[in-house]
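The chain contents come next:
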Amino acid sequence: MNFNWTKEQLEYKLKVIEFAKNHLNNDLVQKDLNCSFAADNWQKCAEFGIQQLAAPKSFGGQFDEIDILHATLAMEGLGYGCKDNGLPFSLNAQMWTVQMPISQFGTDFQKEKYLKGMASGKLIGSHALTEPNAGSDVFSMQTVAEKVDGGYILNGKKHLITLGPIADISLVFANARPKMGKWGITGFIVEKGTKGFNQSENMAKMGLRTVPIGELTFDNCFVPDENRLGAEGAGWGITTSTLEYDRCCILASQLGSMERQLDETVKFVKQRKQFGKSIGDFQSVSNRIANMKLRLETSRLLLYQVAWLKSQGKSAMMEAALLKLQLSESFVESSLDAIRCNGGRGYLTENEVERDLRDAVGGVLYAGTSDIQRNIISNLLGL
Amino acid sequence: MTEIILEYISKILSNEQLEDELQAEDDLLGGGILDSLGMMKLILFIEEKFNVKVPPEDMTIENFMTVDHITTYLNKK
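The structure contained in this document is the topic of the report that follows. Given the structure is predicted, the values throughout are model-derived calculations rather than measurements. (Residues numbered from 1 in each chain as written. Chains lettered and ligands numbered in written order. Predicted model: local features only at pLDDT ≥ 70, side-chain atom pairs only at ≥ 80, totals over all residues. Heavy atoms only, no water.)

**Structural notes on the side chain of A:Gln9**
Residues and elements named next belong to chain A.
Right, on to step 1. Structurally, the position occupied by Gln-9 is in helix α1 (residues 7–23).
Right, on to step 2. On the accessibility criterion, Gln-9 (10% relative accessible area) is buried.
Right, on to step 3. A distance of 2.9 Å separates a polar atom in the side chain of Gln-9 from the backbone nitrogen of Thr-6.
Right, on to step 4. Each residue touching Gln-9, except ones within four places of it in the same chain, is listed here: Asp-67, Leu-69, His-70 and Leu-73. (Helix = DSSP H or I, 4+ residues; strand = E, 2+ residues; numbered from the N terminus. Buried < 20%, exposed > 50% of the residue type's maximum accessible area, 1.4 Å probe, protein only. Polar contact = N/O pair within 3.5 Å; in protein donor to acceptor, adjacent residues only side chain to side chain. Contact = heavy atoms within 4.5 Å.)

**Let's talk about the environment of A:Asn133**
Residues and elements named next belong to chain A.
Right, on to step 1. Topologically, Asn-133 is positioned in the loop between β1 (125–128) and β2 (144–148).
Right, on to step 2. For the pair Asn-133 and Lys-157, spaced 24 residues apart in sequence, the C-alpha separation works out to 9.7 Å.
Right, on to step 3. Setting aside residues no more than four positions away along its own chain, Asn-133 makes contact with Ser-140 and Gln-142.

**Here we look at the pattern of salt bridges**
Residues and elements named next belong to chain A.
Right, on to step 1. Inspection of the entire model under this criterion finds 22 salt bridges over all chains.
Right, on to step 2. Here Glu-112 and Lys-116 are joined by a salt bridge, their closest N and O atoms 2.9 Å apart. You can see Glu-112 and its partner Lys-116 sitting in helix α6 (residues 108–120), four residues apart, about one turn around the helix.
Right, on to step 3. Look at Lys-116 and you get partly exposed, because its relative accessible area is 33%.
Right, on to step 4. For Lys-293, the salt bridge identified is with Glu-297, shortest N-O distance 2.7 Å. Here the residue Lys-293 and the residue Glu-297 both occupy positions in helix α8 (residues 283–311), the gap between them amounting to four residues, near one helical turn.
Right, on to step 5. Beyond isolated ion pairs, a larger network of salt bridges with shared partners links Lys-13, Glu-76, Glu-259, Lys-293, Glu-297 and Arg-300. (Salt bridge = Lys/Arg side-chain N within 4 Å of Asp/Glu carboxyl O.)

**Looking at the packing of helix α7 (residues 235–271) of chain A against helix α9 (residues 317–342) of chain A**
Residues and elements named next belong to chain A.
Right, on to step 1. Direction vectors running N to C along α7 and α9 enclose 25 degrees, while the axes themselves pass 10 Å from each other. When the axes of α7 and α9 are compared, the pair comes out roughly parallel. For the element pair α7 and α9, the recorded crossing hand is left-handed.
Right, on to step 2. Grouping the amino acids of the contact of α7 with α9 by side-chain chemistry returns 13 nonpolar, nine polar and three charged. (Axes fitted to C-alpha atoms, helices over the stretch in contact; angles between N-to-C directions. Parallel < 35°, antiparallel > 145°, perpendicular 65-115°, else oblique. Left-handed = near helix turned anticlockwise from the far one by under 90°. Nonpolar A, V, L, I, M, F, W, Y, C, P; charged D, E, K, R; others polar.)

Given below as C-alpha cells:
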C-alpha cells in the first residue's frame with residue numbers, strides 16, 4: 001500500500017480548495033434556511049472540472065480513464081473548501097452513482113448523450129434505487145419494468161432520491177424479471193418530462209438542506225430499449241460495483257469537512273479567552289480537540305486504504321464498510337464536539353457551526369446505515 | 001472446480017443450514033441460498049481461487065445463477 005500522493009495530485013487538491021473557498025461559500029445560511037439548491041455553484045463546479053473527474057476523456061472527462069485516487073483527493077479538497085456540505089454530497093451522488101455506471105456499462109450512444117452532458121454541467125442526474133419498502137433490503141424493490149415492443153413500461157415509486165426533484169435524467173432500477181428476484185434488477189435512464197414519469201417537490205429535512213431530495217413515480221412510463229443500462233438483469237452488478245466508489249468519494253468530501261471543522265475549532269479555542277486564558281488551555285477542551293484529531297486521522301487512513309484498493313482494481317468490501325462506519329459516526333461525534341468547544345456561539349445558526357452536525361447525521365443513514373455496515377463487517381468475519 | 005465452489009458455499013457462505021445438500025443446479029441468489037453480500041464474497045473467492053477477474057458487467061444471471069452457470073462461465077474465460 002502506498003499513501004504517497006503525487007505532486008500533481010496534491011497541487012490539484014489545493015486548487016480545488018482555493019476554488020471552493022472563493023466561489024462556493026456565498027449565502028450559505030440563507031440557502032440552508034430556504035432549502036435552496038445552488039444551481040449556479042453546481043455550474044461553477046462543472047466549469048472548474050469537478051464533474052469531469054467521473055468521466056473518461058473521450059466523453060468529457062479530465063483524463064483518459066477515471067482516476068479514483070485523483071478524484072478522492074479532489075473531493076476531499078472540495079469538502080474542505082466548500083462549507084456547504086450538501087453541494088459535495090450531491091455532486092458525488094451524481095458522479096459515482098450515475099456518471100460512473102454509465103461510463104462503465106453504457107453504450108456509446110448513452111455516453112455521448114448523457115455522460116458528456118453531466119460532465120459539462122449541462123445535465124443533472126439522479127440515482128433512483130431506494131423505495132418506500134426497499135431501503136436496506138434494496139433488492140426487494142417493487143418497481144417493475146414490463147418488456148414491450150421497443151422498450152419497457154415502468155411502474156412503481158422511488159423515494160429519498162438525491163437530486164430527484166430537479167434531475168434532467170434519472171438512472172432508475174426496476175425489476176424486469178420479477179420471478180427471478182434480484183437477478184431481474186435492471187437499470188434504465190429516464191429523461192425528465194417522459195410521459196408517466198413524475199418528480200416530486202423537494203422534501204424538507206434535518207440537514208443537507210441545499211440538496212433537493214424527493215420521490216419519483218412511474219405510471220405506465222415507457223422507456224425505449226436504447227435507454228436500458230447494461231444487460232437485462234445487470235442491475236445488481238451495476239449497483240454493487242459502483243457502491244464502493246460512491247462511498248469512497250462521498251466520504252472523502254466528509255473527511256475534508258471534518259478537517260475544516262477541526263482547523264476552525266482549533267483557531268476558535270485559541271483566540272477565545274475565559275478566566276484570563278485561551279479556552280484551549282483547559283484540558284476538558286483540549287481533550288475534545290485531541291479526540292477530533294484522532295477521529296479525523298483514523299478516518300483518513302481507512303479512506304486512503306479504500307481508494308488505493310479501488311485504484312488497484314481490488315475488492316474493498318470489508319474496508320469500505322469499516323470506512324463508512326468510522327467516518328460517518330466520527331463526523332457526528334466531532335460535530336457535537338465542535339459545538340461544545342464553541343459554546344453558545346456554536347448553537348447559533350449564523351455562526352455556521354451547528355449546520356455540520358445536522359448535515360453529518362445523514363451520513364449514518366445514507367449509502368448503508370451504520371447498522372448495515374456493522375452487519376457487513378461481522379458477516380465478513382464469519383458471524 | 002464445481003466441487004470447490006459447492007464446498008465453499010456450503011461451508012462458508014450459506015445464510016442458514018441448508019435443508020438439503022447443495023446442488024450445482026440450485027438457484028443461489030433467487031433461491032435465497034446466498035444474499036447479495038454472500039454473492040459478493042463468492043465472487044471474491046472465485047477471483048482469488050481461480051486467478052480470474054470478474055468484471056461487474058459479467059455479474060448476471062447467465063453467469064452466476066447456479067454453480068453450473070459459474071463453472072460454464074469460468075471455463076469460457
